[in-house]
Amino acid sequence: MKAHVADWRTRVYCVRIEPANDAPIVRLTAYPVDLVMSNGEVYLAESGYEFSGLGATSTFASSSLDLKGILQQGAIARDDLMAGIYDNARVKLFATSWAAPIEDEEPLGECFWGKVDTTDEQYSVQLMGKVDVLSQSTGRSYSATCPWTLFDETLDGIVLPAHASRCTGPRANPDGPLLADFKVAGTITSVTDQYYIADSARTEADDYFGAGAIRFITGPNAGLRPIEVKAYTQAGGIIFTQEAFFYLPQVGDQYEMIPGCRKRKEDCVGKWANARNTGAHWDVPAPTQYSQRGRN
């Protein structure tokens, strides 16, 4: 039984979206006007939002909850959504009374921000219940490719946990490659589309930046999240990204970029000389080998 429930006669639902980074918290309410909670927090009566409803059971089955809305400035904007600001955000749903609103008066559920689908100016988000964490695989498994992240931080300065960056970093392996030693900067000299750009001043070997990341520090894409580099060609300094840039880059835009690791033996040994820190198991036999029967 719940310790407290909101007054059913004046019941109203509210949601609070707390990004995993330092982005502002979004507070929304399913009420015609804004609600001021007893602690002074204001929950906006933004139009264009719709919840699918919340179902809960006494079992370990995960609750399903969808959030649909219209992309707009002031609450959840397209730029923030596409830049991944809300990825892995915590979404807290609760009920309260519109006559005397109290934040988290009757907690109804806590979810994680999941997959986002956008169509025109609308989006739909799959919110995953916390019990979903129990269904995730844990521990290490044998693999011919390395599971570690190359550097111990991302291009935009997010420090990765130690269990994800055992390849490198002062917290795990001080002798591994550090991002600051390999980050480069440059200026775009030509643009083909939102996937293909080039910097003719680049001289690194083919695929040096493959599986790395690039982000802009000037221009329309400045400040947005880094994009993974799918391929890099030395001739002409052509950079091909895994995803489209949010806005079409312009000649003269300045960028930062880091090389990547495709997690193969030739990368650990040949490119990074870091075989001692690899998490791969190069000599594990494939199923087609260990499942064969012995022969005379």
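Above: the structure in question.
Going along each chain's sequence as written, the residues are numbered from 1 onward. Local features are withheld for residues below a pLDDT of 70 in this predicted model, meaning they are given only at 70 or higher, and side-chain atom pairs are given and counted only at 80 or more; totals for whole chains, interfaces and linings count all residues. No hydrogens and no water enter the side-chain calculation; it runs on all heavy atoms of the structure.

Focus: the overall build of the protein
Here is step 1 of the chain: Within the protein one finds four helices and 16 strands.
Here is step 2 of the chain: The classification of residues rests on relative accessible area computed with a 1.4 Å probe and restricted to protein chains. Under 20% of the type maximum is buried, over 50% is exposed, and intermediate values are partly exposed. In the protein, which comprises 296 residues, the proportion classed as buried is 35%.
Here is step 3 of the chain: Residues are treated as being in contact if the distance between any of their heavy atoms lies within 4.5 Å. Looking at the protein alone, contacts between residues at least 24 apart form 58% of all its contacts between residues at least 6 apart.
Here is step 4 of the chain: Only the protein chains shown count as cover for residues, and all accessible areas are computed by the Shrake-Rupley method using a 1.4 Å probe. For the protein, the computed accessible surface area is about 17100 Å², with 52% contributed by carbon and sulfur atoms. Numbering of helices and strands runs from the N terminus; a helix is a DSSP stretch of H or I covering at least four residues, while a strand is a stretch of E covering at least two.

So, the pairing of strand S14 (residues 227–233)
Here is step 1 of the chain: The criterion for strand pairing is that DSSP finds at least two bridges linking the strands in question. One ladder, built from two bridges, connects strand S13 (residues 213–216) with S14; its direction is antiparallel. Along S14, the bridge assignment pairs alanine 213 with glutamate 228.
Here is step 2 of the chain: Where S14 meets strand S15 (residues 238–241), four bridges bridge the pair, whose relative direction is antiparallel. Each bridged residue has a counterpart across the sheet, and for valine 229 the counterpart in S15 is threonine 241.
Here is step 3 of the chain: In this structure, the hairpin formed by S14 and S15 is closed by a connection of four residues, where glycine 236 is found at a positive phi of approximately 85°.

Here we look at the layout of surface pockets
Here is step 1 of the chain: Only protein atoms enter the 1 Å grid used here, on which a cavity is any set of points holding a 1.4 Å probe that cannot leave and a pocket is any open set flanked by protein within 12 Å on both sides along at least five of seven lines; residues with an atom within 4 Å of a point are listed as lining. Grid points are joined across faces, edges and corners, and a volume is the space filled by probe spheres set on the points. Considered as a void within the structure, the largest pocket measures approximately 890 Å³ in volume.
Here is step 2 of the chain: Thr154, Asp156, Ile158, Arg225 and Pro226 are the residues nearest the centre of the largest pocket, which is lined by 33 residues in total.

Section: the environment of leucine 81
Here is step 1 of the chain: Within the fold, leucine 81 resides in helix H1 (residues 78–82).
Here is step 2 of the chain: For leucine 81, a relative accessible area of 7% gives the class buried.
Here is step 3 of the chain: Taking the C-alpha atoms as reference, leucine 81 lies 9.2 Å from tyrosine 123; in sequence the two are 42 residues apart.

With respect to the pattern of salt bridges
Proximity of charged atoms lets side chains of opposite charge pair with each other.
Here is step 1 of the chain: Note on definitions: salt bridges are taken to be side-chain nitrogens of Lys or Arg within 4 Å of carboxyl oxygens of Asp or Glu. A complete count under the given rule lists 17 salt bridges for this structure.
Here is step 2 of the chain: Measuring nitrogen to oxygen at the nearest pair gives 3.5 Å for the salt bridge that ties glutamate 41 to arginine 27. Highlighted residues: glutamate 41 in the loop between strand S3 (35–36) and strand S4 (42–43) and arginine 27 in strand S2 (residues 26–29), separated in sequence by 14 residues.
Here is step 3 of the chain: Several salt bridges converge on common partners, so that one network encompasses Arg16, Glu18, Arg27, Glu41, Lys92, Glu103 and Asp104.

Overview of the nonpolar core
Here is step 1 of the chain: In this text, buried Ala, Val, Leu, Ile, Met, Phe, Trp, Tyr and Cys residues form a nonpolar core when linked through side-chain atoms within 4.5 Å. Counting 16 residues, the largest nonpolar core has Ile17, Leu67, Ile76, Tyr86, Trp113, Tyr123 and Leu127 as the members making the most contacts within it.
Here is step 2 of the chain: Secondary structure elements with two or more residues in this core: strand S1 (11–18), S2, strand S7 (90–97), strand S8 (106–119) and strand S9 (122–129).
Here is step 3 of the chain: A total of three residues in this core trace back to one element, the largest contributor, which is S9.

Some points on the side chain of asparagine 274
Here is step 1 of the chain: Relative to the assigned elements, asparagine 274 resides in the loop between helix H3 (265–271) and helix H4 (287–290).
Here is step 2 of the chain: A polar contact is formed between the side chain of asparagine 274 and the side chain of asparagine 277, at a distance of 2.9 Å. The term polar contact refers here to a pair of N or O atoms within 3.5 Å; inside protein, the definition further demands a hydrogen-donor-capable atom paired with an acceptor-capable atom, and it admits residues adjacent in sequence only when both atoms are side-chain atoms.

Concerning empty space enclosed by the protein
Here is step 1 of the chain: Counting across every chain of the model gives two cavities of 30 Å³ or more.
Here is step 2 of the chain: Quantified by volume, the largest cavity comes out at close to 80 Å³.
Here is step 3 of the chain: Tallied by class, the residues present in the lining of the largest cavity amount to seven nonpolar, four polar and one charged.
Here is step 4 of the chain: Size it by volume and the second largest cavity reaches roughly 40 Å³. Residues are grouped as follows: nonpolar covers Ala, Val, Leu, Ile, Met, Phe, Trp, Tyr, Cys and Pro; charged covers Asp, Glu, Lys and Arg; every other residue, Gly included, is treated as polar.

Points about a nonpolar patch on the surface
Here is step 1 of the chain: Nonpolar side chains collect at one region of the surface, where Tyr195, Tyr196 and Ile238 lie side by side and expose about 250 Å² of accessible area between them.
Here is step 2 of the chain: On the accessibility criterion, tyrosine 195 (35% relative accessible area) is partly exposed. Like-charged residues within 9 Å of one another, or nonpolar side chains (Val, Leu, Ile, Met, Phe, Trp, Tyr) within 5 Å, are grouped into patches, provided each residue has over 30% relative accessible area and no salt bridge.

Brief notes about the side chain of serine 97
Here is step 1 of the chain: Relative to the helices and strands, serine 97 resides in strand S7.
Here is step 2 of the chain: Separated by 2.5 Å, the side chains of serine 97 and threonine 10 make a polar contact.

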